[in-house]
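Here is how the chains run, residue by residue.
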Amino acid sequence: DTLDPGDTRSRLLELGNLVKARLDVREAALGPMRDLHKLTHQPVNLSMRQGDEIVYIERTYSEHSGMQVVRAIGGRAPLHLTSVGKLFLALDDPQRVRAYATRTGLAGHTRNSITELPALERELANVRRLGSARDDEELEMGVRCMAAGIFDDQGKLVAGLSISAPADRLEEGWLERLRATAAQISVALGHRP
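In this text, all values refer to a predicted model and were calculated from it rather than measured experimentally.

Lay out unusual backbone geometry in plain terms, naming residues and giving numbers.
Unlike most non-glycine residues, His-41 shows phi in positive territory, near 60°. By the secondary structure assignment, His-41 is in the loop between helix H1 (5-40) and strand S1 (44-50). Despite not being glycine, Leu-106 has its phi angle at roughly 45°, a positive value. Taking the relative accessible area as the measure of exposure, Leu-106 reaches 3% and is therefore buried.

If you had to explain the packing of helix H2 (residues 83-91) against helix H4 (residues 117-130) to someone new, which residues and values would you point to?
The contact between H2 and H4 brings their axes to 9 Å, and the two run at 90°. When the axis of H2 is compared with that of H4, the two are roughly perpendicular. Here Lys-86, Leu-87, Leu-89 and Ala-90 of H2 lie close against H4, whose contacting residues are Leu-120, Glu-123, Leu-124, Val-127 and Arg-128. For the contact of H2 with H4, the residue count by class is six nonpolar, no polar and three charged.

Describe the pattern of salt bridges, naming the residues involved and giving the relevant values.
A full pass over the atoms with the stated rule returns eleven salt bridges. One salt bridge connects Arg-49 with Asp-92, and the closest N-O pair in it is separated by 3.1 Å. Taken together, the residues Arg-49 in strand S1 and Asp-92 in the loop between H2 and helix H3 (94-104) connect sequence positions 43 residues apart. Note that Arg-134 is salt-bridged to Glu-172, the shortest N-O span being 2.9 Å. Here Glu-172 lies in the loop between strand S6 (157-166) and helix H5 (174-188) and Arg-134 lies in strand S4 (residues 133-136), a separation of 38 residues in the sequence. Owing to a relative accessible area of 26%, Arg-134 belongs among the partly exposed residues under this scheme.

The rules we used
Residues numbered from 1 in each chain as written. Predicted model: local features only at pLDDT ≥ 70, side-chain atom pairs only at ≥ 80, totals over all residues. Heavy atoms only, no water. Helix = DSSP H or I, 4+ residues; strand = E, 2+ residues; numbered from the N terminus. Buried < 20%, exposed > 50% of the residue type's maximum accessible area, 1.4 Å probe, protein only. Axes fitted to C-alpha atoms, helices over the stretch in contact; angles between N-to-C directions. Parallel < 35°, antiparallel > 145°, perpendicular 65-115°, else oblique. Contact = heavy atoms within 4.5 Å. Nonpolar A, V, L, I, M, F, W, Y, C, P; charged D, E, K, R; others polar. Salt bridge = Lys/Arg side-chain N within 4 Å of Asp/Glu carboxyl O.

What follows is the structure in structure tokens.
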């Protein structure tokens, strides 16, 4: 099956835009991520959506926190199993969420993974209401995450900032700082809330 050259061109353009967006977001995020990490002493992750997955593009962490770093930069994970992925899914319309569920089969990684569409829809309604998302040992047992969105000058969700921590060490008090940090990065990208 042959590719239409126009199709290839637009795909390359899209890829170029993704790379540029990634560099801009990364540059705007690094300082604030380090500050958030100093406060929490837990890994702070910056991720973006690529199709049905989240791609981790930057992470600040300390090796001595006793937590194993499993997902390296460039690592990927399904949208519905990650806090950042849920932020992106929450902004999709219901048809697109259903199509995602059909395409992926909502495969789970742990006993906490959301693997049924009605449960996912309830979770996404919650994310929309709160403006932040969580992963409660859904990708990996023993690890919990919280995430807030990063928006560009068009008001479009371009990335997510998340804190991941051993399940018993994720502190509720971090959520406000996480939100403020994501908002700070958004403003640096030209977002006007």
